[in-house]
Amino acid sequence: MTARNRRRRRLPRHRAWPLTTTDINESLGELAAHIRFLTFLTGPGSGTAVLGVSWLALESRTYGRGPHPDSVGVSIDVHPVDAAERAATRAVLKATALPQLHEWITEAVTATETWQQTSHLRRWHLTDGLLVHIDDET
């Protein structure tokens, strides 16, 4: 399912996505070609998370039971926020998180083979107007 079709799923009236596919594509430029999955989440809540990016590694130790080779690479998740907070969240994400996302993807696609053989995750959290990111090696 394409990102566009995923976005057509409805959110409750009080929820909204802070970014659009166009926002992400414009900020990434040519790097957008490296995105395997762009998902607009519809679940009940992600806490303070507003944006996530991950590197899915092809794990050779699973003897063929790991992810399909076509899914290896960068995936982005856009988390819904309260509709009343959408504009403020969008401004912060466009000013801060999207440049950091660009840098993270640039480093991921040019990383050493050792780095690329491990799955990685970065999530941006927004609390009281303060945006922070948390990295996790999965």
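Residues numbered from 1 in each chain as written. Predicted model: local features only at pLDDT ≥ 70, side-chain atom pairs only at ≥ 80, totals over all residues. Heavy atoms only, no water.

All right, on to the packing of helix 2 (residues 21-28) against helix 3 (residues 86-109) then. Contact pair helix 2 / helix 3: the axes reach a minimum separation of 9 Å and the direction vectors enclose 50°. Of the possible angle classes, the one that applies to helix 2 and helix 3 is oblique. With respect to the hand of their crossing, helix 2 and helix 3 are arranged in right-handed fashion. Facing helix 2, whose interface residues are Asp23, Ile24, Ser27 and Leu28, helix 3 presents Arg90, Lys94, Leu98, Leu101, His102 and Ile105. (Axes fitted to C-alpha atoms, helices over the stretch in contact; angles between N-to-C directions. Helix = DSSP H or I, 4+ residues; strand = E, 2+ residues; numbered from the N terminus. Parallel < 35°, antiparallel > 145°, perpendicular 65-115°, else oblique. Left-handed = near helix turned anticlockwise from the far one by under 90°. Contact = heavy atoms within 4.5 Å.)

What follows covers unusual backbone geometry. Phi at Asp128 is positive, roughly 50°, even though this residue is not glycine. Along the chain, the position of Asp128 falls in the loop between strand 6 (120-127) and strand 7 (130-137).

Judged by nonpolar contacts, the single largest core of 28 residues is most densely connected at Leu51, Ile76 and Ile105. Listing elements by their share of this core, those giving two or more residues are helix 2, strand 2 (35-40), strand 3 (49-56), strand 4 (73-78), helix 3 and strand 6. Among the elements that make up this core, the one with the highest residue count is helix 3 (seven residues). Dropping the residues within four chain positions of it, Ile105 is found in contact with Leu28, Leu31, Ile35, Val53, Val74 and Ile76. (Core = buried A, V, L, I, M, F, W, Y, C linked by side-chain atoms within 4.5 Å. Buried < 20%, exposed > 50% of the residue type's maximum accessible area, 1.4 Å probe, protein only.)

Of all eight residues in strand 6, six are buried, a share of seventy percent or more. Relative to strand 6, strand 3 is paired through six bridges, and the arrangement is antiparallel. Bridge pairing in strand 6 places Ser54 opposite Leu121. (Pairing = 2+ DSSP bridges.)

Checked against the element boundaries, Arg123 lands in strand 6. The sequence separation of Arg123 and Ala49 amounts to 74 residues, and the corresponding C-alpha distance is 6.5 Å.

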